[in-house]
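Descriptive analysis of the structure
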Amino acid sequence: MPAVQLNRLKTQVNSLAWKFTRPQEFLTELRELLEFYSERTFRPGKASPSARLPSSYRVPKLVIHQLEQGLAPLCKENPQAALTLIDALWNDPYLEPRILAAYLLGKINPSPPERITEHLLRWCQPECEAVSLSALLDHGANRLRSEQPEHWFELLRHWLADKNPAVQKIALRAMMPAIQDRGFENLPPLFRIIEPILKSPLPVLQAELIEVLQALANRSPVETAYLLRQALASSTQPLTIRIIRRLLPLFSSEEQNRLRSLMSGSPTMPVA
């Protein structure tokens, strides 16, 4: 792998940008660029190959960053060409083009929102490997989440209504970037979406649900404590109580006592 010279890299990205509306030419030159900066040296013991993990060029992060920054403005100028290019990038067998596709999807104007939600519904599947899925849920849904929140909430509800718990997990994972984004203030709908899941939780969703509730407690402890009290007041599920007990250290002593009082009054409280 050659040392990254920033001026040279910027020139390469600018050359690539001229092929933005010609996906096949773009892909050919992109692969050449990624191959040029790739690290192909195998280091035994560093990682084990996974059948679900795409092949990777293992280029420096600076290369991906420059690609993202150089191409993002073109998505705003020509969203239809961007969507065509994004489809081609996502179908590439290597990880880096897929990550770039997810990032660029989040730079397209989500009006109409369907052109973003359609891609997220089609690509965010249980068989999608973790790195690409995280890129889609974090970066790919970025503008939809911030500029069309009602459509984003509807997307979460759609995933949660699926009978496959693996699809429901996608909805819970999709909530994390919003909760962790201090600029995202529209949290009340998330509490309403989570409440029925907490009242009747599936064991297979326990880890993701706890992660979401921990993030909410760190971001908005008063509202999260209220959600937990509401769940305890109406739920008869032992798993609900076990989940809430896991969350107790995140709250003040006074709030912990209130929650413990509600748990002790439940006929289904498991023995500690």
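Residues numbered from 1 in each chain as written. Predicted model: local features only at pLDDT ≥ 70, side-chain atom pairs only at ≥ 80, totals over all residues. Heavy atoms only, no water.

So, on to the environment of Tyr94. In this fold, Tyr94 is placed in the loop between helix H4 (79-90) and helix H5 (95-105). For Tyr94, a relative accessible area of 23% corresponds to the partly exposed category. Spatially, the C-alpha atom of Tyr94 lies 39 Å from that of Ser220, the residues being 126 residues apart in sequence. (Helix = DSSP H or I, 4+ residues; strand = E, 2+ residues; numbered from the N terminus. Buried < 20%, exposed > 50% of the residue type's maximum accessible area, 1.4 Å probe, protein only.)

Okay, the nonpolar core next. The nonpolar side chains of a soluble globular protein tend to be buried with one another. Leu67, Trp159 and Met175 are the most contacted members of the largest nonpolar core, which totals 92 residues. Top contributing element to this core by residue count: helix H10 (residues 165-180), with nine residues. Setting aside chain neighbours within four positions, we find Met175 in contact with Trp152, Leu156, Leu160, Leu190, Ile193, Ile194 and Val212. (Core = buried A, V, L, I, M, F, W, Y, C linked by side-chain atoms within 4.5 Å. Contact = heavy atoms within 4.5 Å.)

With that settled, consider H4. Taking 1.5 Å of rise per residue, the 12 residues of H4 would be expected to cover 16 Å, and the 16 Å separating its terminal C-alpha atoms lies within 8% of that figure. In terms of burial, H4 is largely enclosed, as nine of its 12 residues are buried. What H4 keeps buried is the set Pro79, Ala81, Ala82, Leu83, Leu85, Ile86, Ala88, Leu89 and Trp90. Where H4 is buried, its residues touch helix H2 (23-37), helix H3 (61-77), H5, helix H6 (114-123) and helix H7 (130-140). (Expected span 1.5 Å × (residues − 1).)

H6 packs onto H4 with a crossing angle of 5 degrees between their chain directions and a minimal axis gap of 12 Å. With respect to H6, the element H4 is oriented roughly parallel. On the side of H4, the interface is formed by Pro79, Leu83, Ile86, Asp87 and Trp90, while H6 contributes Arg115, His119, Arg122 and Trp123. A breakdown of the residues in the contact of H4 with H6 according to their chemical character gives five nonpolar, one polar and three charged. (Axes fitted to C-alpha atoms, helices over the stretch in contact; angles between N-to-C directions. Parallel < 35°, antiparallel > 145°, perpendicular 65-115°, else oblique. Nonpolar A, V, L, I, M, F, W, Y, C, P; charged D, E, K, R; others polar.)

Right, let's talk about the pattern of salt bridges for a bit. Within this structure, the stated rule accounts for 12 salt bridges. Across the pair Lys19 and Glu29 runs a salt bridge, and its minimum N-O distance is 2.7 Å. Linking Lys19 in the loop between helix H1 (6-17) and H2 with Glu29 in helix H2, this pair joins segments that are 10 residues apart in sequence. With a relative accessible area of 18%, Glu29 lands in the buried category. Of the charged contacts in the structure, one is a salt bridge between Lys199 and Glu195, with a shortest N-O distance of 3.0 Å. Of this pair, Lys199 and Glu195 both sit in helix H11 (residues 188-199), four residues apart, roughly one helical turn. (Salt bridge = Lys/Arg side-chain N within 4 Å of Asp/Glu carboxyl O.)

So, about H7. Each α-helix winds once per 3.6 residues, and so residues spaced three or four apart point in a common direction. Residues of H7 that are buried: Ser132, Leu133, Ala135, Leu136, Leu137 and Gly140. In this fold, the buried residues of H7 make contact with H4, H5, H6, helix H8 (142-147), helix H9 (149-161) and H10. Two or three places before Val131, at the start of H7, stands the capping residue Glu129, its side-chain oxygen 2.8 Å from that residue's backbone nitrogen. (Polar contact = N/O pair within 3.5 Å; in protein donor to acceptor, adjacent residues only side chain to side chain.)

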